[in-house]
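What follows is each chain in one-letter form.
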Amino acid sequence: MVKGVIGLVFEIVVLAGMVLGIAFNAAVVGSCELLSVRGFGTFGPWREAISDPGNCVSWSKDETQYSDWLINMARATSLMAVIFGCLLTFFGFFKQCLCKLPCSQIILDVSGFGVQICLSLVWPIWRSQPCQTFGCEWGEAATFLLISQLCYLVASIFSRCMRDPRYVRNQERPGE
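Now for a look at the structure at hand. (Residues numbered from 1 in each chain as written. Predicted model: local features only at pLDDT ≥ 70, side-chain atom pairs only at ≥ 80, totals over all residues. Heavy atoms only, no water.)

Things to note about the nonpolar core
To keep it simple, the criterion reads: Residues enter a nonpolar core if they are buried and are Ala, Val, Leu, Ile, Met, Phe, Trp, Tyr or Cys, with the set joined through side-chain atoms within 4.5 Å. To sort residues, take the accessible area from a 1.4 Å probe on protein chains only and compare it with the maximum for the residue type: under 20% means buried, over 50% means exposed, and anything in between is partly exposed. Secondary structure is summarised from DSSP: a helix means a run of H or I of at least four residues, a strand means a run of E of at least two, and numbering begins at the N terminus for each. Residue contacts are defined here by distance: any two heavy atoms, one from each residue, within 4.5 Å place the two residues in contact.
By size, the foremost hydrophobic cluster in this structure holds 28 residues, and its most contacted members are Leu34, Leu35, Phe43 and Ile125. Of all the secondary-structure elements, those providing two or more residues to this core are α1 (2-30), β1 (35-37), α2 (69-98), α3 (104-120) and α5 (140-158). Apart from the residues lying within four places of it in its own chain, the contact partners of leucine 34 are Phe43, Gly44, Pro45, Val122, Ile125, Glu137, Trp138, Gly139, Ala141, Ala142 and Leu145.

Take a look at the structure:
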């Protein structure tokens, strides 16, 4: 009984962490307020409001004077983190609630590790050219990035502590 209740709590924490991780990660990708450039505006991996403060537009890496490899790395890894997060959520939900999938726990572990690496590689955007030239401050989306990373970390760790999947519990009660 206790194992089932604790496992249920971990199950809810894992599934909520996965969903919140995707939501906050998507907010980082779609935001132009990851960093605030002192006196010029704000920018994120995919959007900027430096050239026209207050007007958040797509960041074209070919047209901008502030594009460098750190911004390009943040772009690529923020999207890769969304993909790993979706993979983590898909396999976590299917494994726990619907049906058995091959190599589920291995894929959960690899995608959980991958999402952490990818989100960690967004942080070096603080050393990009606009920040080195003018100085940057913490933006709202930086908080979202931190929350996303923590949600995915909790979900990845506790995915190993959940109760038995639904198909296993149903096999244990053949009389019902």
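Past the structure itself, the notes keep going.
Quick word on the environment of proline 102
Here proline 102 lies in the loop between α2 and α3. Using a relative accessible area of 63% as the deciding quantity, one classes proline 102 as exposed. Residues proline 102 and phenylalanine 91, 11 residues apart in the sequence, show an inter-C-alpha distance of 9.7 Å. Beyond its immediate sequence surroundings of up to four residues, proline 102 is in contact with Phe91 and Ile107.

Looking at the packing of aromatic side chains
Our working rule: Geometry of aromatic contacts follows a simple scheme: Phe, Tyr and Trp rings, the Trp one being its six-membered ring, pair when their centres are within 6.5 Å, and the pair is stacked under 30 degrees between planes, edge-to-face over 60, tilted otherwise.
Tallied over the full model, the rule gives five aromatic pairs. Taking 5.4 Å as the distance between ring centres and 80° as the angle between the ring planes, the aromatic pair formed by phenylalanine 90 and phenylalanine 91 counts as edge-to-face. Residue classification places phenylalanine 90 among the partly exposed residues on the basis of a relative accessible area of 42%. Note on phenylalanine 91: relative accessible area 13%, which makes it buried. Aromatic rings pair up to connect Trp123, Trp126 and Trp138 into one cluster.

Details of the pattern of salt bridges
Charged atoms that come close allow side chains of opposite charge to pair. Defined as follows: Each reported salt bridge corresponds to a side-chain nitrogen of Lys or Arg within 4 Å of a carboxyl oxygen of Asp or Glu.
Summed over all chains, the structure comprises one salt bridge. Of the charged contacts, one joins glutamate 137 and arginine 38 as a salt bridge, the two residues approaching to 3.2 Å between their closest N and O atoms. Placement of glutamate 137 in strand β5 (residues 136-138) and of arginine 38 in the loop between β1 and β2 (41-43) is noted, with a sequence separation of 99 residues between them. Of the residues examined, glutamate 137 reaches a relative accessible area of 39% and is grouped as partly exposed. What makes arginine 38 partly exposed here is its relative accessible area of 46%.

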